[in-house]
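# Descriptive structure summary
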Amino acid sequence: ALMITDECINCDVCEPECPNDAITMGLTIYEIDPNKCTECVGHYDVPQCRQVCPVDCIPLHPEHVETHDQLMTKYRALTGKE
Ligand code: SF4
Ligand code: SF4
């Protein structure tokens, strides 16, 4: 999963781009639910939030490092698709 750092400027552009609805407004900045973020695996070739973020504040979550297979399994569980 990816994460949003405190460099986030709350520009709102990433939230509608997430195919898993993993991005929501938190207490002060936007947050990514690591249980819903597949790094866009299953949907797109590259993480859509990272593509649009103007301040490049969406790195890999160090406590949620996953393999492509694990991300694909999460995608299937979230979407019910094969
Ligand atoms: Fe959503 Fe994809 Fe960003 Fe994860 S990488 S938060 S799935 S847009
Ligand atoms: Fe924050 Fe980047 Fe999302 Fe804008 S695109 S709300 S700066 S994480």
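Scroll up for the structure.
Presented here is a report on the structure given in the accompanying data block.

Conventions and cut-offs
Residues numbered from 1 in each chain as written. Chains lettered and ligands numbered in written order. Predicted model: local features only at pLDDT ≥ 70, side-chain atom pairs only at ≥ 80, totals over all residues. Core = buried A, V, L, I, M, F, W, Y, C linked by C-beta atoms within 7 Å. Buried ≥ 20, exposed ≤ 12 C-beta atoms within 10 Å, placed from the backbone. Contact = placed C-beta atoms within 7 Å. Near = placed C-beta within 6 Å. Nonpolar A, V, L, I, M, F, W, Y, C, P; charged D, E, K, R; others polar. Helix = DSSP H or I, 4+ residues; strand = E, 2+ residues; numbered from the N terminus.

Leu2, Cys14, Cys18, Ala22, Ile23, Tyr30, Ile32, Cys37, Cys49, Cys53 and Ile58 together form the largest nonpolar core, which totals 11 residues. Setting aside its immediate chain neighbours within four residues, Cys37 contacts Ala1, Leu2, Asn20, Ala22 and Ile32.

Taken together, 14 residues lie near ligand 1, and Cys18, Cys37, Cys40, Pro47 and Cys49 sit nearest. Across the shell around ligand 1, the residue classes break down as 9 nonpolar, 3 polar and 2 charged.

A word on the site of ligand 2. Lining the immediate surroundings of ligand 2 are 14 residues, of which Cys8, Cys11, Cys14, Tyr30 and Cys53 lie closest. The residue makeup of the shell around ligand 2, split by class, is 12 nonpolar, 1 polar and 1 charged.

All right, on to unusual backbone geometry then. Look at Asp12: it is not a glycine, yet its phi comes out positive at around 75°. Residues other than glycine seldom take positive phi values, yet Glu39 does so here, at roughly 60°. Counting through the fold element by element, Glu39 comes out in the loop between strand E2 (30-32) and helix H1 (48-52).

Examined against the element boundaries, Cys49 turns out to sit in helix H1. The class for Cys49 is buried, based on 25 C-beta atoms found within 10 Å. Taking the C-alpha atoms as reference points, Cys49 and Glu15, separated by 34 residues in sequence, lie 7.4 Å from one another. Excluding anything up to four places from it in sequence, Cys49 contacts Leu2, Cys14, Glu17, Cys18, Ile23 and Ile58.

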